[in-house]
Amino acid sequence: MGGENMKALKASYSVAYLIAKSGAAEVIGETLVKPAAKVMVQVMIGDKASKAIDCVPLSNNTVHHRITDMAENVKQQLLSRVQKRRYYALQADESTDIVNLANILLF
């Protein structure tokens, strides 16, 4: 994979992370983020740089897959750390919701 492709991939994951963090719909990547980025880059840097934004994959499906990949990576890192440890702590908390239903939360 060439340098520009790697940059586009990194940018795609970075934007997907921001979308996930914001809680916005995944479609926002292609409907708002990419068009806005193209306008800003075109105004500030020029047409050539604006066309480079087209290489960044931000479709709804792509953003969804990126977020899923990142979540799976975090899960695998956590499992790996837990499996390597001999001891670890577990914390439990119980609360009752508005309809008097007990909920338990484990950390």
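Owing to the predicted nature of the structure, the values given are computational and were not obtained by experimental measurement.

### Side note on the packing of helix H1 (residues 3-22) against helix H4 (residues 60-84)
Then step 1. It is the contact of H1 with H4, at a shortest axis distance of 9 Å, that shows an interaxial angle of 80°. Classified by the angle between their axes, H1 and H4 sit roughly perpendicular to one another. For the pair H1 and H4, the contacting residues are Leu9, Ser12, Tyr13, Ala16, Tyr17, Ile19 and Ala20 in the first and Thr62, Val63, Arg66, Ile67, Asp69 and Met70 in the second.
Then step 2. Among the residues forming the contact of H1 with H4, the class breakdown is nine nonpolar, two polar and two charged.

### Topic: the pairing of strand E1 (residues 92-96)
Then step 1. Taken across its five residues, E1 has zero buried, putting it largely on the surface.
Then step 2. Here E1 pairs with strand E2 (residues 102-106) via five bridges, running antiparallel. Pairing of Ala92 across the sheet is with Leu106, part of E2.
Then step 3. Between E1 and E2, which follow one another and run antiparallel, lie five residues, and Asn100 among them has a positive phi close to 65°.

### Topic: a nonpolar patch on the surface
Then step 1. A grouping of Val39, Val43, Met44 and Ile45 is seen on the molecular surface, where their side chains present a nonpolar patch of about 490 Å² in accessible area.
Then step 2. Among the secondary structure elements, Met44 is positioned in helix H2 (residues 28-44).
Then step 3. With relative accessibility at 69%, the residue Met44 sits in the exposed group.

### Overview of the nonpolar core
Then step 1. Of all hydrophobic cores here, the largest spans eight residues; its members are Ala8, Val15, Ala16, Ile19, Val56, Leu58, Val63 and Ile67.
Then step 2. Put simply, the parts of the chain that give this core at least two residues each are H1 and H4.
Then step 3. Of the residues forming this core, the biggest block, four residues, is contributed by H1.
Then step 4. Apart from residues no more than four positions distant in its own chain, Ala16 is found in contact with Val63, Arg66, Ile67 and Met70.

### A closer look at the confidence of the model for the chain
Then step 1. Counting all residues, the mean pLDDT for the chain is 93, and 99% of those residues have values of 70 or more.
Then step 2. Confidence scores differ between elements of the chain, with E2 showing the lowest mean pLDDT of 88 and H2 the highest of 96.

Procedures and definitions
By convention here, each chain's residues receive numbers from 1 onward along its written sequence. A pLDDT threshold of at least 70 governs which residues receive local features in this predicted model, and a stricter bar of 80 or more applies before side-chain atom pairs are shown or counted, although totals over entire chains, interfaces and linings include all residues. Only hydrogens and water are removed before side-chain values are computed, so all heavy atoms of the structure are retained for them. Each axis is a line fitted through C-alpha atoms, taken for helices only over the stretch in contact, and angles between the N-to-C directions span 0 to 180 degrees. The way it works is that DSSP assigns letters per residue, a run of H or I at least four long becomes a helix, a run of E at least two long becomes a strand, and they are numbered from the N terminus. Working rule for angles: under 35 degrees goes down as roughly parallel, over 145 as roughly antiparallel, 65 to 115 as roughly perpendicular, anything else as oblique. Contact definition: two residues touch when any of their heavy atoms are within 4.5 Å. Note on residue categories: nonpolar means Ala, Val, Leu, Ile, Met, Phe, Trp, Tyr, Cys or Pro, charged means Asp, Glu, Lys or Arg, and polar means any other residue, Gly included. Working definition: with a 1.4 Å probe on protein chains only, accessible area under 20% of the residue-type maximum means buried, over 50% means exposed, and in between means partly exposed. Only strands joined by at least two bridges in the DSSP assignment are considered to pair. Exposure above 30% relative accessible area and no salt bridge define the residues that can form patches, which grow by joining like charges within 9 Å and nonpolar side chains of Val, Leu, Ile, Met, Phe, Trp and Tyr within 5 Å. Accessible surface area values rest on a Shrake-Rupley calculation with a 1.4 Å probe, where residue burial reflects the displayed protein chains alone. A side-chain nitrogen of Lys or Arg and a carboxyl oxygen of Asp or Glu constitute a salt bridge if their distance falls within 4 Å. By convention a nonpolar core is built from buried Ala, Val, Leu, Ile, Met, Phe, Trp, Tyr and Cys residues, the set being connected through side-chain atoms within 4.5 Å. The predictor attaches a confidence to each residue, called pLDDT, with possible values from 0 through 100.

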